[in-house]
Amino acid sequence: MYDYMCTYSGQMLKPLELRPEDIDPLDIAHALSLLCRGSGHLVHFYSVGQHCINCAKEAKARGWDRRVVLGCLVHDASEAYLSDIIRPVKKHLSNYMELEDRILLTVYQRFGIGDLTEEEYGKIRRIDNEILENEIPVLMSRPEDTQPAKLFSEPDFSQRDMKAVEEEYLRMVKELMESQEVI
């Protein structure tokens, strides 16, 4: 019983034994819209889902292909099943990072991008880091003294309603998946 989690869509899953067919975009969109970035140490609520939307929009603004845009959108989807742990702590939790990587690969397989190249992963990591650099001075009480990375898009760092974030996330998933005919 305690090996299972109940997802928003009502599925009973073993999070450490996820299969691609277990992954429901609704569960990801809903959970990420409710998870706050930075363990909640921000000037206002800003969800992991909103961060992922900003990352995907940045990849699209750079003219990067659909696979990278989709990868940016779902790059934190493992947190829908594991929750979020801030980077300064996460890097010391090797087992957590192994679990996160395993779940993320399952998510990527579900969305048809399980074969991302190292170059594509690099682009996803780059955007994740550059959006973070831009989030810090806006969302944290003690902004960094460094100049944030130049972005090609205008990310929305405002406090948004969770349902609006969930709906936008799902809309983006649908649009990105339509050409692949997998949902």
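Residues numbered from 1 in each chain as written. Predicted model: local features only at pLDDT ≥ 70, side-chain atom pairs only at ≥ 80, totals over all residues. Heavy atoms only, no water.

- An unreviewed UniProt entry lists the chain under the name Phosphohydrolase, with Candidatus Blautia faecavium as the source organism.

Some details on the pattern of salt bridges
And step 1. Applying the stated criterion across every chain yields a total of 19 salt bridges.
And step 2. For glutamate 79, the salt bridge is made with lysine 90, and the minimal N-O distance between the two is 3.8 Å. Highlighted residues: glutamate 79 in helix α4 (residues 79–82) and lysine 90 in helix α5 (residues 87–90), separated in sequence by eleven residues.
And step 3. With a shortest N-O distance of 3.1 Å, glutamate 166 and lysine 163 are connected by a salt bridge. Within this pair, glutamate 166 and its partner lysine 163 are both found in helix α8 (residues 162–178), separated by three residues, close to a single helical turn.
And step 4. Through salt bridges that share partners, Lys57, Asp156, Arg160 and Glu168 make up one connected network. (Salt bridge = Lys/Arg side-chain N within 4 Å of Asp/Glu carboxyl O. Helix = DSSP H or I, 4+ residues; strand = E, 2+ residues; numbered from the N terminus.)

Examining the packing of helix α1 (residues 25–34) against α8
Two quantities define a packed helix pair, namely the angle between the axes and the distance from one axis to the other.
And step 1. Contact pair α1 / α8: the axes reach a minimum separation of 8 Å and the direction vectors enclose 145°. Relative to α8, α1 is oriented so that their crossing is right-handed. In this structure, α1 contributes Pro25, Leu26, Ile28, Ala29, His30, Leu32, Ser33 and Leu34 to the contact, and α8 contributes Met162, Val165, Glu166, Tyr169, Leu170 and Val173.
And step 2. Partitioned by chemical class, the residues of the contact of α1 with α8 number eleven nonpolar, two polar and one charged. (Axes fitted to C-alpha atoms, helices over the stretch in contact; angles between N-to-C directions. Left-handed = near helix turned anticlockwise from the far one by under 90°. Contact = heavy atoms within 4.5 Å. Nonpolar A, V, L, I, M, F, W, Y, C, P; charged D, E, K, R; others polar.)

Focus: unusual backbone geometry
And step 1. Even without a glycine there, the phi angle at serine 39 is positive, about 55°.
And step 2. With a phi angle near 80°, serine 83 is a residue other than glycine that sits in the positive phi range.
And step 3. Tracing the backbone shows serine 83 in the loop between α4 and α5.
And step 4. Looking at serine 83, the relative accessible area reads 35%, which means it is partly exposed. (Buried < 20%, exposed > 50% of the residue type's maximum accessible area, 1.4 Å probe, protein only.)

Here we look at the packing of helix α2 (residues 48–61) against α8
And step 1. The geometry of α2 relative to α8 is characterised by a closest axis approach of 9 Å and an angle of 40° between their N-to-C directions. As summarised for this structure, α2 and α8 are arranged oblique, according to the angle between their axes. The handedness of the crossing between α2 and α8 comes out as left-handed. Residues Gly49, Gln50, Cys52, Ile53, Ala56 and Lys57 of α2 pack against Val165, Glu168, Tyr169 and Met172 of α8.
And step 2. Tallied by class, the residues present in the contact of α2 with α8 amount to six nonpolar, two polar and two charged. (Parallel < 35°, antiparallel > 145°, perpendicular 65-115°, else oblique.)

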